[in-house]
Amino acid sequence: MTSTGPAPSLWRHADFRKYWGGQAVTVTGVGITTIGTSVIAVVDLHASTMHVALIAFAGKLPPLLLSLHAGVLADRYRKRPIVIGCDVLCAATLASVPLAQWLAEITLVQLYAVAFLVSALRVIGSNASISYLPTLLGEEQLKEGNSKLGAANSLADLAGNNLGGLLVTALGAARAIALDAASYLISAWCVLRIRRPEPAPAPRPAGSSQWAEIRAGLEYTFKAPVVRPIVLSNATTSFVLAASSAIWSLYLLRELAWSPTALGMVMGAGGIGGFLGALAWRPLERRWGAGPVMLTALALNPLAQIPLVFVGPGLGGQLAVGAGMVIQTCAAVAHGGLQRSVRQEVCPDHLQGRAQSTGAWLAFGLRPFAALLAGGLGSMIGLRSTLAVITFALVAPFLLLWFSPVRVLRAVSTAAGPTAAVASRS
C-alpha cells in the first residue's frame, strides 16, 4: 500500500471511534467483574487458596482449548458478526450471577462455570476483534490505532478497577457484576453500528481441513525469524504473570488485610501506567527501534514485581505495590502494542486470524497450569514465598528476546524475513 501523505487522525475515523468505544467500555466492565468475583469467592464464600486458584484455572483454560480454532473461524468467516455474537453471549452469562443471588445463592461451582464460559467467549471474540482491526484501518494507521486502543484500554482498566472496588462496596459484588454484563451489550451495539463493509474472507484452498489451516498458522509463527521469539517471549511472560494473578488478590485481601476498595484502587493504578505506556511506545520506537523498546519493557517487569514481595500491611505497602503496578503495566502496554503492530504488519492478510490465535494460544494456553502451580506452591511454601519465585522467573522472557534477532530490530520492514514461502503454502 502506498501513501500520498500523512494519514488523517483516527479521531476523524467514525468507524474506528465506534470500535474504540466498544473496546473501552468492555475493558471497564471486566475490571468490575475481576474485583466482584474475588470478593464473592474470598469474602462471601470463604474460598481456600486452592479454590481461588481453581477459579483462575477455569478462566484460563479456554485459550488452551479454543485459541487455534478461533483463528480458523476468524479467517473463514467475517469477523464483525463473531465479535457481536460473543459480546451478547458474555452479557447473558454474567447476568446469571446477580440472577442466582436473587433466586437462590451463588456457589463456587457457578463461579467456575461463569469464569470458563466468559473466557471461552472472549477467546473467540477477542481473536476476531484484533484480527478485524487491519481490515478496518489502512496499513499507515495501524500503529496509531493500536496506540489509541492501548491508551483507552488502560484508562478503562483504571476506571473499571476503581469503580469495581467502590461498586462492590456500595451495591454488593453480584449487582456490580451486572454492570459488566451491560458493558458487553454496549460493546455489541458499538460494533454493530460500524458502516464500513467487511470484505469477504479469502477462499479456502480445495480440500483444506480445519487442522490443516491450524497447522499453516503454526508453521508461519514458528518459521518467521522475528515473530517466533516475540511469541515465545510473550508466552513465558504470560505464564509467569498468570501464576502471580492467580494468588495475589488472595494474598492482599487475606494476608495483608486489604479492603476491596483498596484492592480496586491499587489495581486501577495500573491503568495510569498503561496509559503512559500507550502514549510512549510510538515515539520511543521511532527513536530507538522496536527491539530495544521491547527489551527494556521486559527488563522492567521483575523490578516492578519486587514491592509485592516485601511490603507489609497498611498505606505504605499499598503505595509501594501501586507504584510497582504503574511501572509494570506501563511496560506491558508499551511492549504489547509494539509487538502486536510488528506482527500485524508483517503478517499476510489471509493469515491474520490464525497468526493472532497462534500467538494467543502460546501466550495463554499454559495459564491454567500456571494458576494451579501457583495454588499448589502457595499451599506448600506460603503466598509470599511463591510471589518471590514468580518475581525471579520474570527474568526469563527478557533473556529469550535478548538472544534473538529482535535485539537488533529497528524497523518493521526488517522483521518480515523469509516468511513469504510459508505464507504462500497456507
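Structure first, text after, so check above.
What counts and how
Position numbers for residues count from 1 along each chain, tracking the sequence in the order it is written. At least 70 in pLDDT is required for a residue's local features to be given in this predicted model, at least 80 for side-chain atom pairs to be given and counted, and no such filter applies to totals for whole chains, interfaces and linings, which use all residues. To get the side-chain values, take all heavy atoms of the structure and skip hydrogens and water. Strands are runs of DSSP state E lasting at least two residues, helices are runs of H or I lasting at least four, and both sets are numbered from the N terminus onward. Our radius of gyration is a C-alpha quantity, and the globule rule it is checked against amounts to 2.2 Å times the number of residues to the power 0.38. Buried, partly exposed and exposed residues are distinguished by accessible area as a fraction of the type maximum, computed with a 1.4 Å probe on protein chains only: under 20%, between the cut-offs, and over 50%, respectively. We call two residues in contact when some of their heavy atoms are within 4.5 Å. Here the open area of atoms and residues is found with the Shrake-Rupley method and a 1.4 Å probe, where only the protein chains shown may cover a residue. Every definition here rests on a 1 Å grid over the protein atoms only: cavities are sets of points where a 1.4 Å probe fits but cannot get out, pockets are open sets enclosed by protein on both sides within 12 Å along at least five of seven lines, and lining residues have some atom within 4 Å of a point. Grid points are joined across faces, edges and corners, and a volume is the space filled by probe spheres set on the points. Each Phe, Tyr or Trp ring, with Trp reduced to its six-membered ring, pairs with another whose centre is within 6.5 Å; inter-plane angles below 30 degrees give stacked pairs, above 60 give edge-to-face pairs, and intermediate values give tilted ones. Helix axes are fitted to C-alpha atoms over the stretch in contact, other axes to C-alpha atoms as well, and angles between N-to-C directions run from 0 to 180 degrees. Under this grouping Gly is polar, as are all residues other than the nonpolar Ala, Val, Leu, Ile, Met, Phe, Trp, Tyr, Cys and Pro and the charged Asp, Glu, Lys and Arg. Every case where a carboxyl oxygen of Asp or Glu lies within 4 Å of a side-chain nitrogen of Lys or Arg is listed as a salt bridge. In what follows, roughly perpendicular refers to angles from 65 to 115 degrees, roughly parallel to angles under 35, roughly antiparallel to angles over 145, and oblique to any angle outside these ranges. Each helix crossing is assigned a hand: it is left-handed if the near helix lies turned anticlockwise from the far helix by less than a right angle, otherwise right-handed if that turn is clockwise. To estimate how far a helix should extend, the number of its residues minus one is multiplied by 1.5 Å. The angle between axes fitted to the seven residues ending at a residue and the seven residues starting there is what we call the bend at that residue.

1. Details of the overall build of the protein chain
Reasoning step 1: Of regular secondary structure, the protein chain possesses 16 helices and zero strands.
Reasoning step 2: Rg of the C-alpha trace for the protein chain: 21 Å, near the compact-globule value of 22 Å for 426 residues, within the 12% margin.
Reasoning step 3: In terms of overall dimensions, the protein chain has a C-alpha envelope of 55 × 45 × 40 Å along the principal axes.
Reasoning step 4: Each of the 426 residues in the protein chain was classed as buried or not, and the buried ones make up 54%.
Reasoning step 5: Sequence separation of at least 24 residues holds for 90% of the intrachain contacts in the protein chain that already meet a minimum separation of 6.
Reasoning step 6: Surface exposure of the protein chain reaches about 17,900 Å², of which carbon and sulfur atoms provide 68%.

2. Focus: empty space enclosed by the protein
Reasoning step 1: Counting across every chain of the model gives two cavities of 30 Å³ or more.
Reasoning step 2: Considered as a void within the structure, the second largest cavity measures approximately 110 Å³ in volume.
Reasoning step 3: Around the second largest cavity, the lining comprises 13 residues; the ones closest to its centre are Arg343, Gln344, Gln352, Ala355 and Gln356.
Reasoning step 4: Among the secondary structure elements, those contributing two or more residues to the lining of the second largest cavity are helix 4 (108-136), helix 7 (210-223), helix 8 (227-255), helix 11 (315-346) and helix 12 (352-364).

3. Re the packing of aromatic side chains
Reasoning step 1: Under the counting rule described, the total for this entry stands at four aromatic pairs.
Reasoning step 2: Between phenylalanine 16 and tyrosine 19 the ring centres are 6.5 Å apart and the planes differ by 25 degrees, which places this aromatic pair in the stacked class. Note that phenylalanine 16 and tyrosine 19 are positioned in helix 1 (residues 14-44) at a spacing of three residues, about one turn of the helix.
Reasoning step 3: Between phenylalanine 57 and phenylalanine 369 the ring centres are 6.3 Å apart and the planes differ by 75 degrees, which places this aromatic pair in the edge-to-face class. You can see phenylalanine 57 sitting in helix 2 (residues 49-76) and its partner phenylalanine 369 sitting in helix 13 (residues 367-381), a full 312 residues away along the chain.

4. Notes on unusual backbone geometry
Note on backbone geometry: most residues besides glycine have negative phi, and most peptide bonds are trans.
Reasoning step 1: In this structure, alanine 257 takes a positive phi of about 60 degrees despite not being glycine.
Reasoning step 2: By secondary structure assignment, the location of alanine 257 is in the loop between helix 8 and helix 9 (260-288).
Reasoning step 3: Since its relative accessible area comes to 62%, alanine 257 is described here as exposed.

5. What to know about the packing of helix 8 against helix 12
Reasoning step 1: Packing of helix 8 against helix 12 leaves a shortest axis separation of 7 Å and a crossing angle of 35 degrees. Of the residues in helix 12, those in contact with Val231, Asn234, Ala235, Ser238 and Phe239 of helix 8 are Gly359, Leu362, Ala363 and Phe364.
Reasoning step 2: When the residues that make up the contact of helix 8 with helix 12 are grouped by side-chain class, the tally is six nonpolar, three polar and no charged.

6. Thoughts on the pattern of salt bridges
Reasoning step 1: Here the structure, examined in full by the defined rule, presents four salt bridges.
Reasoning step 2: Across the pair glutamate 213 and arginine 76 runs a salt bridge, and its minimum N-O distance is 3.1 Å. Taken together, the residues span a long stretch of sequence, with glutamate 213 in helix 7 and arginine 76 in helix 2 at a distance of 137 residues.
Reasoning step 3: When its relative accessible area of 5% is taken as the criterion, glutamate 213 is described as buried.

7. Overview of the packing of helix 1 against helix 6 (residues 173-192)
Reasoning step 1: Contact geometry for helix 1 and helix 6: axes closest at 8 Å, N-to-C directions at 165 degrees. When the axes of helix 1 and helix 6 are compared, the pair comes out roughly antiparallel. Regarding helix 1 and helix 6, the two cross each other, and that crossing is left-handed. Contacts between helix 1 and helix 6 involve Lys18, Gly21, Gly22, Val25, Thr26, Gly29, Val30, Ile32, Thr33, Gly36, Thr37 and Ile40 on the former and, on the latter, Ala173, Ala174, Ala176, Ile177, Leu179, Asp180, Ser183, Tyr184, Ile186, Ser187 and Cys190.
Reasoning step 2: Classifying every residue of the contact of helix 1 with helix 6 by side-chain character gives 12 nonpolar, nine polar and two charged.

8. Section: helix 2
Reasoning step 1: Along its 28 residues, helix 2 runs 42 Å from first to last C-alpha, staying within 8% of the 40 Å computed at 1.5 Å per residue.
Reasoning step 2: At leucine 66, helix 2 shows its largest kink, close to 55 degrees.

9. Brief notes about the environment of glycine 375
Reasoning step 1: On the secondary structure map, glycine 375 appears in helix 13.
Reasoning step 2: As for glycine 375 and leucine 54, which are separated by 321 residues in sequence, their C-alpha atoms are 8.1 Å apart.
Reasoning step 3: Residue contacts for glycine 375: discarding those within four places in its chain leaves Thr49, Met50, Ala53 and Ile247.

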